[in-house]
Every structure is written in C-alpha cells, then in structure tokens.
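# Analysis of the macromolecular model
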Amino acid sequence: AQSWCTIESDPGVFTELIQRIGVKGVQVEEVYHLSDETLDSLKPIHGLIFLFKWVKDDASDRKLLKDGAPGVFFAKQMVQNACATQAIVSVLMNAEGVELGKELSRIKDFACALDPTMIGQIIGQDTVLREVHNSFSRPEPFMIEPDEKSSETEDAFHFIGYVPVGNKLYELDGLQPGPIEIGEVKDGNWLRVAKPAIEKRIQKYSQKEIRFNLLAIVKDRQEVYQEEVKKLQASLSAAGSEEEGKIKAEIAEFEQKIEQEKQKHQKWKEENVRRKHNFIPFVFHLLKELAAKGKLDSIVDAAQKQAEERMDAASKKAKQSKA
C-alpha cells in the first residue's frame, strides 16, 4: 500500500473528509467537556473519536473480543498514519441510520466475510480513502529522511473509536486484535457508559499530560435544527395566541442556529483551503525580495528583540507568581 500522511485532529478537517468519501448527513464536533449538558447538546451522536498519546496496551484489564462480536465491523490498522481515517470509518460503518455512500458501502459489503486483518488491508489499499486522507497533508519545504533513533523517543498519538452496536458499547482500536466490549447500554444511553471509560483512560496518564482530543460524529446540525423548525411550524395552527408567540420565538432561535452552522461550515471550508495551500514559495520569494532591498536584517533584528522582550516579561511574571 502507498503511504498515508499524518493529518490534523480537527472537526473541520474530519467533516470535509467524511463528506468527500461520500457520507451524507454527518458532521464532526469537538467535545470540550464530558458533562451531560455538553453531550446532550450534540445529540444524536453516532460515535466518539478519541485522540491520545499512545502507550503499549494489551487490554488485559478490559473485555477484548479477539474473535469479534456479532454485528460489529472491525478492522485492524495495517497502514501507518491511517488511524484517524480508520477510526472515523469504523464508527461510520457501525452507526445506525447513516448514509454511507458508494465507497464505504462497497467496502462494507465486500468485507462482511473477511477477518479484521484483511479488512484493514482493504482500507489501507483503498485509493479513494487514501487520496482524500492525504489531501489534508501540510506542504513541507524539504523531504526529511525519517530518523529511527528520534522516532523511538518522540511521542506517538493514536485515534480510537467508541460506538454502540445493539445493546453494547465497543471500543474500536485498530492496533488491537479485536473490538473491546466496554459495557452494556441501558435505555439507549450509551454515552453514560462511554464517559467513565474515557475518563479512566485519561487518568492513566500523569496530571501534566493534557494532549487529548475528543470528537463526536453527529447528525448534520443544520438538518437537526431544520427538523425542529418543521415540527414547531406544524404546531402553530393548533396553538393559542400566547403559545403562538413562544413557538415563533423558538423557531427564530433555531433559524439563528442554522445560520450559525452555515457560517461555521464556511469558516471550516476556508481554513481547509489554507491548510492545503502551499505558502512556501511565497515566503521564500518574500524573504528574497526583502534581502535584495536590504530590509531583511533589520526585520530579523526587530523580531529577535521582540522575542527577547516577551521572554523577559514571561520570566518576570513567573517570578512574581512564585513570590
């Protein structure tokens, strides 16, 4: 299989990635807090994607299902750097009510009789998935040969998925031999089961480790709010004058949320264009022109002076806080 690049953990990146592989009616939202209020505001949630610093984990303290679980789509990660897209695909393949599109439907139909290793190879070799994934790579000015010694000491980060299937919640980690059963889901509230599992993972690390990222794969928010508007509009005909005012206020509130979503998606689109654009030739040319006009040295000196001033200010602030 051809190589996959590392991509940024960002809701705008993942939303566009999902759309470009053909999935409809879904977007990704960042989860800043595991409170019930935060999670309720994002429902319906199809699954969660968790990014964390990878440490060796044999899952001995959890229920690892090496032989798989009924109805659960699981793939081993067979290609380096594919874990973000694989975690997303794993959640989507197991989610209820998601329109997968042509590419993922084809993979799912073909993979139904295969083992996790073979499914992982199919995903790793899929041209559409790889090209969409790699389209989010950042332009680099130089090709740097990987240093084996530095790669051993550098922190590695990994994506896993949490998704309910039937009445069970599963953790889907492509580096494990099978899905991990987290627990039984009662009353359809699988987030209540996921929350302590994620918190337990975070608690394994030192208090200084804050490099975690939790994202939710949710139903398109514009569709959610439009459905609410239709329900409210349908109830207007039977409403009294006092109740009518309340309903119209609610409709206006949802319409405002729809507009905010449109603006957010436009912002994501612009940010993704900037991510993919190669600014390096522009920067090189700018530096060359500044040097030719004799302005580069003074700009560098001014920047160094500003940096030193900021460092001195930060040092003084740190001393004052200790005092």
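Whatever comes next refers back to the structure up there.
Now for a description of the structure that goes with this document.

To continue, consider the state of the cysteines. Between two cysteines, a covalent bond joining their sulfur atoms is known as a disulfide. By the definition in use, this model includes zero disulfides. Sulfur of Cys83: no disulfide; nearest cysteine sulfur belongs to Cys5 and is 11 Å away.

Further remarks concern a nonpolar patch on the surface. The grouping of Phe279, Phe282, Val283, Phe284, Leu286 and Leu287 at the surface amounts to a nonpolar patch, some 560 Å² of accessible area in total. With respect to the helices and strands, the residue Leu286 is situated in helix 11 (residues 280-292). Taking the relative accessible area as the measure of exposure, Leu286 reaches 39% and is therefore partly exposed.

As a further point, take the pairing of strand 4 (residues 157-165). Across the nine residues of strand 4, eight count as buried, placing the element largely inside the fold. As paired strands, strand 2 (residues 45-53) and strand 4 are joined by six bridges and run antiparallel to one another. Residue pairing for strand 4: Lys53 is matched across the bridge by Phe157. Relative to strand 5 (residues 168-172), strand 4 is paired through five bridges, and the arrangement is antiparallel. Residue pairing in the sheet places Val163 in a bridge with Tyr170 of strand 5.

Empty space within the second largest pocket amounts to approximately 250 Å³. Lining the second largest pocket are 16 residues, with Val72, Phe73, Phe74, Leu114 and Ile119 sitting closest to its centre. At the level of secondary structure, the elements contributing two or more residues to the lining of the second largest pocket comprise helix 4 (101-111) and helix 5 (116-125). Counted by class, the lining of the second largest pocket contains 11 nonpolar, two polar and three charged residues.

Let us look at unusual backbone geometry. The linkage connecting Lys43 with the following residue, Pro44, adopts the cis geometry, with an omega of 0°. Relative to the helices and strands, Pro44 resides in the loop between helix 2 (36-40) and strand 2. The phi dihedral of Asn81 is positive, around 75°, even though this residue is not glycine. Judged by relative accessible area, Asn81 falls into the partly exposed class, the value being 28%. Here the phi dihedral of Asp187 falls at roughly 60°; this positive angle occurs in a residue that is not glycine. With respect to the helices and strands, the residue Asp187 is situated in the loop between strand 6 (180-184) and helix 8 (191-203). On the basis of relative accessibility, which here comes to 78%, the residue Asp187 falls in the exposed class.

This part takes up empty space enclosed by the protein. For the structure shown, the criterion picks out one cavity of 30 Å³ or more. Together, Phe74, Ala75, Gln77, Cys83, Gln86, Ala87, Ser90, His158, Phe159, Leu172, Asp173 and Gly174 line the largest cavity. Contributing elements (two or more residues each) for the lining of the largest cavity: helix 3 (83-94) and strand 4. Per-element tally for the lining of the largest cavity: the top contributor is helix 3, with four residues. In the lining of the largest cavity, the residues fall into six nonpolar, five polar and one charged.

With antiparallel pairing, seven strands are arranged side by side in an open sheet as 1-7-2-4-5-6-3. Whereas interior strands pair on both sides, the edge strands pair on one side only; in this sheet they are strand 1 (26-30) and strand 3 (63-64). Taken together, the six bridges between strand 2 and strand 7 (residues 213-219) define a ladder with antiparallel strand orientation. Paired with Leu48 across the two strands is Ala216, which belongs to strand 7. Sheet strands touched by helix 3: strand 1, strand 2, strand 4, strand 5 and strand 7. Its angle to strand 4, the strand with the most contacts, is close to 0°.

Cut-off values and rules
Residues numbered from 1 in each chain as written. Predicted model: local features only at pLDDT ≥ 70, side-chain atom pairs only at ≥ 80, totals over all residues. Heavy atoms only, no water. Disulfide = S-S within 2.5 Å. Patch = residues over 30% accessible without salt bridge, like charges linked within 9 Å, V, L, I, M, F, W, Y side chains within 5 Å. Areas by Shrake-Rupley, 256 points an atom, 1.4 Å probe, with all protein chains shown as cover. Salt bridge = Lys/Arg side-chain N within 4 Å of Asp/Glu carboxyl O. Helix = DSSP H or I, 4+ residues; strand = E, 2+ residues; numbered from the N terminus. Buried < 20%, exposed > 50% of the residue type's maximum accessible area, 1.4 Å probe, protein only. Pairing = 2+ DSSP bridges. 1 Å grid on protein atoms, 1.4 Å probe; cavity = no way out; pocket = protein on both sides within 12 Å on 5 of 7 lines; lining within 4 Å. Points joined across faces, edges and corners; volume = space filled by probe spheres on them. Nonpolar A, V, L, I, M, F, W, Y, C, P; charged D, E, K, R; others polar. Contact = heavy atoms within 4.5 Å. Axes fitted to C-alpha atoms, helices over the stretch in contact; angles between N-to-C directions.

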